[in-house]
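What follows is each chain in one-letter form.
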Amino acid sequence: EVQLVESGGGLVQPGGSLRLSCAASGFTFSSYSMNWVRQAPGKGLEWVSYISSSSSTIYYADSVKGRFTISRDNAKNSLYLQMNSLRDEDTAVYYCARVDEEDYYDSSGYYFPFDYWGQGTLVTVSS
Amino acid sequence: EIVLTQSPDFQSVTPKEKVTITCRASQSIGSSLHWYQQKPDQSPKLLIKYASQSISGVPSRFSGSGSGTDFTLTINSLEAEDAAAYYCHQSSSLPQTFGQGTKVEIK
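Asks: Describe the overall build of chain B, and please don't skip the residues or the numbers.
Replies: Within chain B one finds zero helices and 11 strands. Secondary structure elements of chain B, listed N to C terminal, follow the sequence β-β-β-β-β-β-β-β-β-β-β. Compactness check: chain B gives a C-alpha radius of gyration of 13 Å against a globular reference of 13 Å for 107 residues, within 12% of the reference. C-alpha atoms of chain B, sized along the principal axes, occupy 35 × 25 × 25 Å. Taken across its 107 residues, chain B has 50% of its residues classed as buried. Within chain B, contacts between residues separated by at least 24 positions form 56% of all contacts whose residues are at least 6 apart in sequence. In the structure as shown, chain B presents an accessible area of about 4,800 Å², 45% of it carried by carbon and sulfur atoms. Each charge class in chain B was averaged separately, 9 positive and 9 negative side chains, and the resulting centres sit 5 Å apart.

Asks: Break down the state of the cysteines for me, with residues and values.
Replies: As enumerated under the stated definition, the model contains two disulfides over all chains in all. In this model Cys22(A) forms its disulfide with Cys96(A); the gap between the sulfur atoms is 2.1 Å. Taking the sign of the S-S torsion, about 60° here, the bridge from Cys22(A) to Cys96(A) comes out right-handed. Residue Cys22(A) is found in strand β3 (residues 18-25), and its partner Cys96(A) is found in strand β9 (residues 92-99); the two are separated by 74 residues along the sequence. For the pair shown, Cys22(A) and Cys96(A) are each scored as buried. Paired through a disulfide, Cys23(B) and Cys88(B) show a sulfur-sulfur distance of 2.2 Å. Judged by the sign of its S-S torsion, about 75°, the bond between Cys23(B) and Cys88(B) is right-handed. Of this pair, Cys23(B) sits in strand β3 (residues 19-25) while Cys88(B) sits in strand β9 (residues 84-90), and the two are 65 residues apart along the sequence.

Asks: Tell me about the interface of chain B and chain A, and name the residues and values.
Replies: Residue-level contacts link 18 residues of chain B with 21 residues of chain A. Ranking the residues of chain B by area buried against chain A places Leu94(B), Gln96(B) and Phe98(B) at the top, with a combined share of 33%. Counting the contacts that link chain B with chain A gives one salt bridge. Put simply, Lys49(B) and Asp100(A) hold a salt bridge, and the shortest N to O gap is 2.8 Å. Summed over the shared surface of chain B and chain A, the result is 10 residue pairs in polar contact (both at pLDDT 80 or more).

Asks: Which residues make up the pattern of salt bridges, and what values do they have?
Replies: Residues and elements named next belong to chain A. Within the structure shown, the criterion is met by 10 salt bridges over all chains. With a shortest N-O distance of 2.7 Å, Asp 90 and Arg 67 are connected by a salt bridge. Taken together, the positions of Asp 90 in the loop between β8 (78-83) and β9 and Arg 67 in the loop between β6 (58-60) and β7 (68-73) put the pair 23 residues apart, joining distant regions of the chain. For Asp 90, a relative accessible area of 0% corresponds to the buried category. Ionic contacts of the salt-bridge type, sharing partners, join the residues Arg 38, Glu 46, Arg 67 and Asp 90 into one network.

Asks: Mind laying out the sheet that holds β8(A), listing which residues take part and the relevant values?
Replies: All names here are of chain A. Read across the open sheet, the four strands follow the order β1-β3-β8-β7; overall the sheet is antiparallel. This sheet does not close on itself; its edge strands, each paired only once, are β1 (3-7) and β7. Averaged over all pairs of adjacent strands, the angle between strand axes in this sheet comes to 15°, irrespective of strand direction. Sheet analysis places β1 next to β3, joined by five bridges and oriented antiparallel. Paired with Val 5 across the strands is Ala 23, a residue of β3.

Asks: Just give me the short version of a nonpolar patch on the surface, but keep the residues and values in it.
Replies: All names here are of chain A. Taken together, the side chains of Tyr 104, Tyr 105 and Tyr 111 make up a nonpolar region of the molecular surface, amounting to roughly 360 Å² of accessible area. Looking at where Tyr 111 falls in the secondary structure, it is placed in the loop between β9 and β10 (114-117). By relative accessible area, which is 36% here, Tyr 111 ends up partly exposed.

What counts, and at which threshold
Throughout, a residue's number is its position along its own chain's written sequence, starting from 1. Labels follow written order: the first chain is A, the first ligand is 1, and so on. In keeping with the model being predicted, local features are shown solely for residues with a pLDDT of at least 70 and side-chain atom pairs are shown and tallied solely at 80 or more, while totals for entire chains, interfaces and linings include all residues. Side-chain numbers here rest on the full set of heavy atoms in the structure, without hydrogens or water. By definition, any uninterrupted DSSP run of H or I lasting at least four residues is a helix, any uninterrupted run of E lasting at least two residues is a strand, and each is numbered from the N terminus. Radius of gyration means the value over C-alpha atoms here, while the globule rule gives 2.2 Å times the residue count to the 0.38 power. Buried, partly exposed and exposed residues are distinguished by accessible area as a fraction of the type maximum, computed with a 1.4 Å probe on protein chains only: under 20%, between the cut-offs, and over 50%, respectively. In what follows, a contact means two residues having at least one pair of non-hydrogen atoms within 4.5 Å. Surface accessibility follows the Shrake-Rupley procedure with a 1.4 Å probe radius. Residue values consider only the protein chains on display as shielding. Charge counting follows a simple rule: Lys and Arg are positive, Asp and Glu are negative, and His as well as the terminal groups are ignored. Charge positions come from single atoms, namely NZ of Lys, CZ of Arg, CG of Asp or CD of Glu. By convention in this document, the label disulfide applies to cysteine sulfur atom pairs within 2.5 Å. Note on definitions: buried area is the accessible-area loss of two parts on being combined, 1.4 Å probe, summed for both. By convention in these notes, a salt bridge is any Lys or Arg side-chain nitrogen within 4 Å of a carboxyl oxygen on Asp or Glu. A 3.5 Å cut-off defines polar contacts: any pair of N or O atoms within that distance qualifies, except that in protein one atom must be a possible hydrogen donor and the other a possible acceptor, and neighbouring residues in sequence count only when both atoms are side-chain atoms. For two strands to be treated as a pair, DSSP must find no fewer than two bridges joining them. Lines fitted to C-alpha atoms define the axes here, with helix axes fitted over just the stretch in contact, and angles between the N-to-C directions of these axes take values from 0 to 180 degrees. Residues with no salt bridge and a relative accessible area higher than 30% make up the patches, which join like charges within 9 Å and nonpolar side chains (Val, Leu, Ile, Met, Phe, Trp, Tyr) within 5 Å.

The following block contains the structure:
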């Protein structure tokens, strides 16, 4: 059974940092691209970042570029999101999401839909 | 950035009624349009991929159509468990974007 479990959320002051983790199980993690998607309280979904299976291709939304860093450790079946210079508007539930097919060339997974999502971890940025 | 505009924003529907949600893209995205259902306090769930492809385990009352800039999610014979927010999502170009969501309420 595919499972994605996020952790690392919490309350942080504006300008602070937080590192989110997503532990994956039930599939060959090293073969799939992964994404982070966030949802502000009472709002819709916003794509945050993408990383290919080999980590060679990475994309960010403009709203987080230069402040957030996505990474993965295929040996540990884990996905990460390092968030720096946090702002009030970064307050949201952060989900990790798997694409629905294995990468067949680098960055091919960018174009795939998201078939499995974690339960989310809440990040609150407030003084 | 491709903007996805869903309509309506909210719909109150009687069980067994048919529901139609539209998603319009600001430029052509081919068939790279996917639909998700999100129930309160749950993670999104993939309902339809590539505009019209069904997903294993998703009830057959959910269907999708469209291509280019205009897409539709149809729920035939709505059931009480279908109360949720529905989002369209495009993966055609960077950045990926979502529609603003359509909330479906059961009367």
